[in-house]
Amino acid sequence: MEKRTDSRDRGRKAEGAPKCDADGAHLTENLQTFFDTVKDFLFVLDMNGRIRHVNRTVTDRLGHTEDDLRGVSVLEVHPPDRRDEAGRIVQAMLRNDVEYCPVPLMTATG
């Protein structure tokens, strides 16, 4: 037996879609606001340790723009003499073994 769809049902489903889109946009906006107001340094990395996104604390306190950092290895924001140590910690972070890296960060001016 073939199921028939009433045109009124299609209208109701379509009416709900914009609300879902609006709710999703509102959630995204709230998450971005939270991300940018956290005072900790937050870096979003890909699985190779390259920076995809940073929060406002990173750009404000380190003096880098997000565009300058995007695609760069996160190790580049650590002092050269501590990058091996930072690399081990970042690998552990990517495995979810540790939650933060205590190695100091460098500002844009060094």
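About the cut-offs
- Residues numbered from 1 in each chain as written.
- Predicted model: local features only at pLDDT ≥ 70, side-chain atom pairs only at ≥ 80, totals over all residues.
- Heavy atoms only, no water.
- Salt bridge = Lys/Arg side-chain N within 4 Å of Asp/Glu carboxyl O.
- Buried < 20%, exposed > 50% of the residue type's maximum accessible area, 1.4 Å probe, protein only.
- Pairing = 2+ DSSP bridges.
- Helix = DSSP H or I, 4+ residues; strand = E, 2+ residues; numbered from the N terminus.
- Expected span 1.5 Å × (residues − 1).
- Contact = heavy atoms within 4.5 Å.
- Core = buried A, V, L, I, M, F, W, Y, C linked by side-chain atoms within 4.5 Å.

Caption draft 1: View of the pattern of salt bridges. A full pass over the atoms with the stated rule returns five salt bridges. With a shortest N-O distance of 3.3 Å, Glu66 and Arg70 are connected by a salt bridge. For Arg70, a relative accessible area of 43% gives the class partly exposed. Here Asp67 ties to Arg70 by a salt bridge, and the two come within 2.7 Å at their closest N and O atoms. Looking at Asp67, the relative accessible area reads 57%, which means it is exposed. Salt bridges here are not isolated pairs; linked through shared partners, they connect Glu66, Asp67 and Arg70.

Caption draft 2: Seen up close, the pairing of strand E2 (residues 51-54). Pairing geometry for strand E1 (residues 43-45) and E2, over three bridges, is antiparallel. Bridge pairing in E2 links Leu45 to Ile51. Taken together, E1 and the strand that follows it, E2, pair antiparallel across an intervening segment of five residues, in which Gly49 is found at a positive phi of about 80 degrees.

Caption draft 3: Just helix H4 (residues 83-94), in detail. Compared with the 16 Å implied by 1.5 Å per residue over twelve residues, the 16 Å span of H4 between its first and last C-alpha is a close match. Listed in full, the buried residues belonging to H4 are Ala86, Gly87, Ile89, Val90, Ala92 and Leu94. Elements in contact with the buried residues of H4: E1.

Caption draft 4: Structural context of the nonpolar core. Listed in full, the nine residues of the largest apolar core are Ile51, Val54, Val58, Leu62, Leu69, Val74, Val77, Val90 and Leu94. For this core, the secondary structure elements donating two or more residues are E2, helix H2 (56-62) and H4. The contact partners of Val77, leaving out residues within four places of it in the chain, are Phe43, His64, Leu69, Pro104, Leu105 and Met106.

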